[in-house]
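The residues making up each chain are set out below.
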Amino acid sequence: MASPFTQLQKILKHEVQDGYRNRIVIGGIGRFADHWYRQARAALREHDPDVLLLLEAIYADLRRYEAANIEERRLLIEGIEARIQEALQRERELRTTRPAPATKDEPAVPPPSEPTPAPPVPPVEKPREEPSTPAPPPRPERAAPARPRSRGAPPVPPKLAAKVEAMGLDAPVHLIHGVGRERAQRLSRLGVQTIRDLLYLLPRRYVDFRALKPIHRLRIGEEVTVIGEVMDIGSKQTGNGLTVIRALLTDGSGIIECTWFNQPYLLDRIRPGQFIVVSGRVDEFLGRPVFRSPEWEPADRELLHTARIVPIYPLTEGLTQRLMRSVLKRVVDYWADRVEDPIPAWIREAYGFPDLPTALKQVHFPEDWEPLEKARRRLAFDEVFYLQIGLLEARRQWRSVPGRALAFDETALERAIEALPFSLTGAQRRALDQILADLRSGVPMNRLLQGEVGSGKTVVAALAAYAVFLAGAQGAIMAPTEILSEQHYRTLLSLAERWAGAGLPTPTIRLLTSGVSGAERAQIYGELAEGTCHLVVGTHALIQEEVAFQDLAFVVIDEQQRFGVLQRAALRGKGYNPHVLVMTATPIPRTLALTLYGDLDLSVLDEMPPGRRPVLTRWLMPEERERAYTFIRRQVEQGRQAYIICPLVEGSDKIEAKAAVEEYERLQREVFPDLRLGLIHGRMKSEEKEAVMSAFARGEIQILVATPVVEVGVDVPNATVILIEGADRFGLAQLHQFRGRVGRSSYQSYCLLLAESPSESAIERLRAIETIYDGFQLAQKDLEMRGPGDFLGTRQSGFPEMRLADLTDLRLLEIAREAAERLAERDPDLQAPEHRLLAEAVSRFWQGPVEPS
Ligand code: ADP
Ligand code: MG
């Protein structure tokens, strides 16, 4: 059979004679080139790589022929002719020196400047050779990729081995062979100090390079791995001064070009004749597949960067993926099996979790997606499990001290309930009964009362406080703002009036905020210390040092998410193991509540007072603002009231206040000149705020213009419409809180949202708030949209960081809770020797003793 090269030679000769006009073959030389190339490839299938390389080069030139001008065509043909000569020459040589060209592939393992990947290589993870792979080893007569050499040394220099051995997982990373001080410094920016930190430095993601393919079957765009022999490698400079390393790789089925930018050292690392494995996305150059900056590594080692599911680590400056993988591979290989599993086997078995060494190995260098998923879940479980153990422990500690067993006149309390202007909802009654049981029990209460905005938490707290008063002790209610404190104070006063009217004992109630000063304050201090004041409502002013109680037995913290752990503890510290009730409207999904508040008992108000109607919510276009004003006016004409919330303003509350004043003046002057408007913002004095709020509560102010300060708690049932400007700037929870200011009566209420140019995520929020009325569903939506960070925020400081656990995985949370309870039944204090490691892990997780919230 004629050589394809001589065939081409003939055609090109005609072309030269015809004056480079590209008329010699029908369809032109470009079209012919494809046909010729296919045939040549078939004919040269088992051929020498050099010839194949020439073939590729010739083909590339032929494809450029059509677009070239006459002069370029002349040059192209000259070049092709030279290559043809070379190929023919090579063919002749081969014919005489058969059977095989000299092998050039002595194991080319230049000492890498990176740490050698994976020295101690157990034969478990041999280089991946897919039995199904269509790629034959490049040439049958050549050795297949060699087995990795086995070395058993720990991944530290010998003289440090003893030291590292002694420190174990707490050894600093700079002792690891190939890390050293400088890299340790860089790793510390990723929060990595010790070997343990390194083991827990988890990949951000993974790339699947397991698909092994022969070169001639590569498709543009796919992520694949190719094993082949380096035929040629060289470098060239680009116009802008970059070095490009270009290597040609063959596996016998074809040839592919690989290029790397600005890695000149590759010239020393990759040698012609070496077998390498290359993984990456197949790119396209002049219609042919190429690899650009692929991962690569010698084929005779355990594969780390190619042909597997490859981990991608978080990096900082000066660290590369290759380095991280190499370091982690050594550390994981050596240390993972030496990590003792703190999770008792019975728990692992009960829930089907892999052991810790397996999980660590799989999470770094997964064999497959499934074991990876199991490993991640196992590691996430550890976190929530430690969390639950800590919370249950905090709960036990809380309950281990003696509490007040309060005895009160039960009939008087029932009569107080009857004296209310309404009857309690079933949910309120249930929650109250749970609280009363705690008060009687002699064990300090630590309870969370969670209820949708407007569900009526205040009255539940007030009744509990009344019971405490009946028992002869004192109670305190702390709220985050003066407005809210004052509102609670008014509520309590009006309830007390009713109780007095019903002939019941009447408590003395005081308000203590920063606005209360001088003689008045001194008098309240005196009454609290003597016990003549029975119930006090206030802000942070309650936890001032000077405040002392005669017998504080009950503490209520409203809108608890607004307070820090220390503030709550401070109020609690005013009494002797007082009963504590914290209240929140943040609608946390129940399982998440168990996770975040696992140390608290939970009462939920999941029922609204009768007659409430969902607040109709509309997101309006900016040009509909006038319509919104008209709508508000009509509501006011019907005797209702309205809120207008000014947008959040970046910067100081001074700027925000100024903007609010301007908006208020504009509305009063231009839009509602005939109506009574009021203004409230954060920079006003407390008496001013108080005056405005009570005027609004009495109905004297018809429209209240407010900065976002009215967000929580405010209760004016006659208000039926709230207009929120700049609604795109608020989170879902906040919008829901605003909306909760209306819909507090049986009148139909409305929430109108205005947003100038909402972002995509803001649009999603606005749509959600428009269509979802239920706080729990909305919280679920929030969880999906933003993750649990915000809910963690509601828990406040002192809460450990969760790195892995996905708090939307409710099932895992349940499992962790259940496992922690089962563990507590067996060994509450983790005293048993088999739980020693677990106890250590839990305290490491919480970094010190658990602080009860
Ligand atoms: P939140 O749970 O948001 O703190 P509040 O305690 O402020 O709610 O109560 C909201 C409104 O509902 C108040 O005006 C309160 O008087 C009223 N309310 C509370 N419980 C009932 C009930 N069982 N029936 C009718 N109205 C009630
Ligand atoms: Mg409230």
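Everything numeric here is computed off the predicted structure, so don't read it as measured data. (Residues numbered from 1 in each chain as written. Chains lettered and ligands numbered in written order. Predicted model: local features only at pLDDT ≥ 70, side-chain atom pairs only at ≥ 80, totals over all residues. Heavy atoms only, no water.)

**Digging into the overall build of the protein chain**
As a reminder of what qualifies: Helical segments are the DSSP runs of H or I of at least four residues, strand segments are the runs of E of at least two, and each set is numbered from the N terminus. Think of it in three bands: with a 1.4 Å probe and only protein chains considered, a residue is buried below 20% of the maximum accessible area for its type, exposed above 50%, and partly exposed in between. Any pair of residues with heavy atoms lying within 4.5 Å of one another is described as a contacting pair. Per-residue and other accessible areas follow the Shrake-Rupley method at a 1.4 Å probe size, with only the shown protein chains counted as cover for residues.
When its secondary structure is counted, the protein chain shows 28 helices and 21 strands. A burial count over the protein chain gives 55% of its 853 residues as buried. Of the contacts formed within the protein chain by residues at least 6 apart in sequence, a portion of 74% connects residues at least 24 apart. In the form shown here, the protein chain has an accessible surface area of approximately 37500 Å², with 50% of it arising from carbon and sulfur atoms.

**Re the packing of helix H15 (residues 457–470) against helix H16 (residues 482–501)**
Between two packed helices, the angle of one axis relative to the other and the distance separating the axes together describe the packing. We count it as follows: Note on definitions: angles span 0 to 180 degrees between N-to-C directions of axes, and those axes are lines fitted to C-alpha atoms, for helices only across the stretch in contact. To sort the angles, those under 35 degrees are grouped as roughly parallel, those over 145 as roughly antiparallel, those from 65 to 115 as roughly perpendicular, and the leftovers as oblique. Handedness of each helix crossing follows the sense of rotation of the near helix against the far helix: counterclockwise by less than a right angle gives left-handed, clockwise gives right-handed. Residue polarity is assigned by list, with Asp, Glu, Lys and Arg as charged and Ala, Val, Leu, Ile, Met, Phe, Trp, Tyr, Cys and Pro as nonpolar; anything else, Gly included, falls into the polar class.
Two elements in contact, H15 and H16, have axes whose closest approach is 11 Å; the angle formed by their N-to-C orientations is 55 degrees. Classified by the angle their axes make, H15 and H16 are oblique. The hand of the H15/H16 crossing is right-handed. Of the residues in H16, those touching H15 at Thr458, Ala462, Leu463 and Tyr466 are His488, Thr491, Leu492, Leu495 and Trp499. Classifying every residue of the contact of H15 with H16 by side-chain character gives six nonpolar, three polar and no charged.

**Topic: the site of ligand 1**
Selection rule: One heavy atom within 4 Å of a molecule or strand is enough for the residue carrying it to be called near that molecule or strand. Pairs of N or O atoms are called polar contacts if they sit within 3.5 Å, as long as, within protein, a hydrogen donor faces a hydrogen acceptor (for residues adjacent in sequence, only side-chain-to-side-chain pairs).
Near ligand 1 you find 17 residues, and of these Gly454, Lys457, Thr458, Arg612 and Asp715 are the closest. Taking Ser423, its main chain carries an N or O atom lying 2.9 Å from a nitrogen atom of ligand 1. The contact in question runs from an oxygen atom of ligand 1 to an N or O atom on the side chain of Thr458, over 2.6 Å. Its free accessible area being 560 Å², ligand 1 has 86% of it covered by the protein chains. Residues of the shell around ligand 1, tallied by class, amount to five nonpolar, seven polar and five charged.

**Describing H15**
This is how the line gets drawn: For a helix, the expected span equals 1.5 Å multiplied by the number of residues minus one.
With 14 residues, H15 extends 20 Å between its outermost C-alpha atoms, agreeing within 8% with the 20 Å of an ideal straight helix rising 1.5 Å per residue. Buried residues dominate H15, accounting for 13 of its 14 residues. At the exit of H15 stands Gly472, carrying a positive phi of roughly 90 degrees.

**Things to note about the sheet that holds strand S15 (residues 601–605)**
Convention followed: Whether two strands pair comes down to DSSP finding at least two bridges between them.
Read from one edge of the open sheet, seven strands run S11-S12-S10-S13-S14-S9-S15, paired in parallel fashion. Edge positions in the sheet fall to strand S11 (509–512) and S15, since each has one partner strand and no second. Across this sheet, the average inter-strand angle for adjacent strands is 20 degrees, counted without regard to direction. Bridge count between strand S10 (residues 474–478) and strand S12 (residues 535–538): four bridges; the pairing is parallel. Among the inter-strand pairings, Met478 is bridged to a residue of S12, identified as Gly538. Relative to the sheet, helix H14 (residues 426–441) contacts strand S9 (446–451), strand S13 (552–557), strand S14 (579–584) and S15, its axis offset from that of S15 by approximately 155 degrees.

**Some remarks on the pattern of salt bridges**
Note the threshold: Between Lys or Arg on one side and Asp or Glu on the other, a salt bridge is scored when a side-chain nitrogen of the former is within 4 Å of a carboxyl oxygen of the latter.
All chains considered together, the criterion is met by 47 salt bridges. For Arg186, the salt bridge goes to Glu182, with nearest N and O atoms at 3.1 Å. Separated by four residues within a single helix, Arg186 and Glu182 lie in helix H6 (residues 180–188), roughly one turn from each other. Owing to a relative accessible area of 55%, Glu182 belongs among the exposed residues under this scheme.

**Comments concerning the sheet that holds strand S20 (residues 719–724)**
Taken together, six strands build an open sheet; the order of strands is S16-S21-S20-S17-S19-S18 and the sheet is parallel. Two strands in the sheet have a free side with no partner beyond their single neighbour: strand S16 (616–620) and strand S18 (677–680). Strand after strand, the sheet turns through a mean of 15 degrees between neighbouring axes, direction not considered. Across four bridges, S18 lies against strand S19 (residues 703–706) in parallel orientation. Bridge pairing in S19 places Leu679 opposite Val705. With respect to the sheet, helix H23 (residues 732–739) is in contact with S16, strand S17 (641–645), S20 and strand S21 (750–754), its orientation differing from that of S20 by roughly 145 degrees. Sitting on the sheet, helix H24 (residues 760–771) is in contact with S16 and S21, with an inclination near 150 degrees to S16.

**Things to note about the nonpolar core**
Counted only if it meets this: Buried Ala, Val, Leu, Ile, Met, Phe, Trp, Tyr and Cys residues form a nonpolar core when they are joined through side-chain atoms within 4.5 Å.
Counting 59 residues, the largest nonpolar core has Phe381, Phe385 and Leu838 as the members making the most contacts within it. Counting residues in each nonpolar core, the second largest holds 45 residues, with Phe408, Val468, Ile477 and Val556 among its members.

**Regarding unusual backbone geometry**
Not every positive phi belongs to a glycine, and Leu286 is a case in point at roughly 50 degrees. Note on placement: Leu286 falls in the loop between strand S5 (275–285) and strand S6 (288–292). For Leu286, a relative accessible area of 49% gives the class partly exposed. Within the chain, Leu830 stands out as a residue other than glycine whose phi angle is a positive 50 degrees. Here Leu830 shows up in the loop between helix H27 (810–826) and helix H28 (836–846). On the basis of relative accessible area, Leu830 is assigned to the buried category, the value being 13%.

**Focus on the side chain of Glu56**
Inspection of the secondary structure puts Glu56 in helix H3 (residues 49–65). At 3.0 Å, the side chain of Glu56 and the side chain of Arg288 are in polar contact. Here Glu56 is in contact with Tyr37, Arg41, Ile255 and Arg288, once residues within four sequence places are set aside.

**Overview of the environment of Ser188**
Tracing the chain through its elements places Ser188 in helix H6. Its relative accessible area of 24% is what places Ser188 among the partly exposed residues. Distance in space between the C-alpha atoms of Ser188 and Val173 is 9.1 Å, their sequence separation being 15 residues.

**Quick look at the environment of Gln321**
With respect to the element layout, Gln321 can be found in helix H9 (residues 321–335). The spacing of Gln321 and His305 is 16 residues in sequence and 8.8 Å in space, taken between C-alpha atoms. Setting aside anything within four residues of it in sequence, one finds Gln321 in contact with Arg204, Pro311, Ile312, Tyr313 and Leu315.

**So, the environment of Val277**
Inspection of the secondary structure puts Val277 in strand S5. When the C-alpha positions of Val277 and Glu297 are compared, they lie 5.5 Å apart, and in sequence the two are 20 residues distant.

**Focus on the confidence of the model for the protein chain**
So the rule is basically this: Values of pLDDT, which run from 0 to 100, indicate the predictor's confidence residue by residue.
Of all residues in the protein chain, 87% have pLDDT values of 70 or greater, and the mean over the chain is 83. Counted against residues more than four places away or in other chains, residues 848–853, with its pLDDT under 50, gives 15 contacts.

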